[in-house]
Amino acid sequence: AFGLAKSSVSVYRGHLGVGTTEPKAALTVMDEVGELEEFPPRAMTADETYMEGHGVFKASASSEYITNSEYLYAWKAFDYINTAGDSRWATRITSAYNGSVPSQYTAGAFSTNGYLGEWIQLEVPYRIKLDYIKVNPGTSIGREPESGYIFGSDDGMTWTLISNFTGKTYKAREWTDIYVGATTAYTHIRMVVSKVDNGTMVDIGQLRLFGTREQGAST
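Residues numbered from 1 in each chain as written. Predicted model: local features only at pLDDT ≥ 70, side-chain atom pairs only at ≥ 80, totals over all residues. Heavy atoms only, no water.

(A) Local environment of empty space enclosed by the protein. This model, assessed by the stated rule, comprises 1 cavity of 30 Å³ or more. Lining the largest cavity are F78, I120, Q121, L122, I133, I189, R190, M191, L207 and L209. No other element matches the 4 residues that strand β13 (residues 118-136) contributes to the lining of the largest cavity. Per-class residue counts for the lining of the largest cavity are 8 nonpolar, 1 polar and 1 charged. (1 Å grid on protein atoms, 1.4 Å probe; cavity = no way out; pocket = protein on both sides within 12 Å on 5 of 7 lines; lining within 4 Å. Points joined across faces, edges and corners; volume = space filled by probe spheres on them. Helix = DSSP H or I, 4+ residues; strand = E, 2+ residues; numbered from the N terminus. Nonpolar A, V, L, I, M, F, W, Y, C, P; charged D, E, K, R; others polar.)

See the structure below:
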């Protein structure tokens, strides 16, 4: 029923009319309201990890610190283990940042759309609107992202700047939030680190991405 007006549901020139006999546009109904989720939803165990009910998540980085005793791969920033040791990501080049406070990226050649800095990215099996990122340094303090940029992409090649951040500080094994507030959904999310707190490389214990999946619609 439509108040005092005559109730009406009709089809006119291929359009469904609700409350009118001559609808002028299509009626679009969203399938469901997007809820805030965490990405990845569970711990990654390799650079490509399948998660039931979701699909394959892929982690990668501009470089990774690998020696005879340490293997600090990008996916280890998403392994849900917030302790010292190998459960973190660090960059390979130890002199790319100049060591000041904060430490600027000056000696490296990694660039995303002209924005310089080492990067880490997560590819998700569907498009998401990123709301914020949580960063935990683990026990290694001083080489976390103080300033940087967040990019989105649907193919991993063409990148769009979503937001930037600066002035971030950290405490051992405590989370720091980086607000993003994306209005467009992407399948690839990349963090470019232009400055670290104090050091010559990037070292991150854990990363968590929070946002909403892109919702479908029926017309």
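(B) Main features of the nonpolar core. Ranked by internal contacts, the top residues of the largest apolar core, which has 37 residues, are F78, I120, I133, M191 and L207. For this core, the elements supplying multiple residues, two or more each, are β6 (55-61), β13, β17 (186-196) and β19 (206-213). Per-element accounting of this core gives the leading share, 8 residues, to β13. For I120, the contacting residues outside a window of four places in its chain are S60, A61, A74, A77, F78, W89, I189, R190, M191 and L207. (Core = buried A, V, L, I, M, F, W, Y, C linked by side-chain atoms within 4.5 Å. Buried < 20%, exposed > 50% of the residue type's maximum accessible area, 1.4 Å probe, protein only. Contact = heavy atoms within 4.5 Å.)

(C) Structural context of the side chain of R208. As for its placement among the helices and strands, R208 is situated in strand β19. Separated by 3.0 Å, the side chains of R208 and E38 make a polar contact. Within the local environment of R208, its side chain forms a polar contact with the side chain of Q206, the two groups lying 3.0 Å apart. If near-sequence neighbours (up to four positions away) are discounted, R208 is found in contact with E38, F39, A77, F78, Y80, Y132, I133, K134 and W175. (Polar contact = N/O pair within 3.5 Å; in protein donor to acceptor, adjacent residues only side chain to side chain.)

(D) How the structure looks around the pattern of salt bridges. By the definition in use, this model includes 9 salt bridges. A salt bridge links D203 to R88; the nearest nitrogen and oxygen atoms lie 3.0 Å apart. One end of the pair, D203, is in strand β18 (residues 203-204); the other, R88, is in the loop between β8 (71-72) and β9 (89-90), and 115 residues separate them in sequence. Overall, the relative accessible area of 1% leaves D203 in the buried class. Residues K134 and D177 are paired through a salt bridge, measuring 2.8 Å at the closest nitrogen-oxygen approach. Taken together, the residues K134 in strand β13 and D177 in strand β16 (residues 176-179) connect sequence positions 43 residues apart. (Salt bridge = Lys/Arg side-chain N within 4 Å of Asp/Glu carboxyl O.)

(E) Focus on unusual backbone geometry. The omega angle of the peptide bond from F39 to P40 is -5 degrees, so this bond is cis rather than trans. Tracing the chain through its elements places P40 in the loop between β4 (37-39) and β5 (48-51). Each neighbour pair has its own omega, and for V101 with P102 the value is -10 degrees, a cis peptide bond. Its location among the elements puts P102 in the loop between β9 and β10 (103-104). Its identity as a non-glycine residue notwithstanding, N113 has a phi of 55 degrees, on the positive side. Residue placement: N113 occurs in the loop between β11 (111-112) and β12 (115-116). Located in the positive-phi region is R173, a residue other than glycine, with phi close to 60 degrees. Here R173 is to be found in the loop between β15 (160-165) and β16.

(F) Highlighting the environment of A77. Here A77 shows up in the loop between β8 and β9. Taking C-alpha positions, A77 is 9.5 Å from A43, a pair spaced 34 residues apart along the chain. Other than its neighbours up to four places away in sequence, A77 contacts R88, W89, I120, G205, Q206, L207 and R208.

(G) Spatial organisation of the environment of M44. Locating M44 in the fold gives a position in the loop between β4 and β5. For M44, a relative accessible area of 1% gives the class buried. Linking M44 and F57, residues 13 residues apart in sequence, is a C-alpha distance of 7.9 Å. Not counting residues up to four positions away in its chain, the partners in contact with M44 are T49, M51, F57, K58, A59, W75, F78, D79 and L122.

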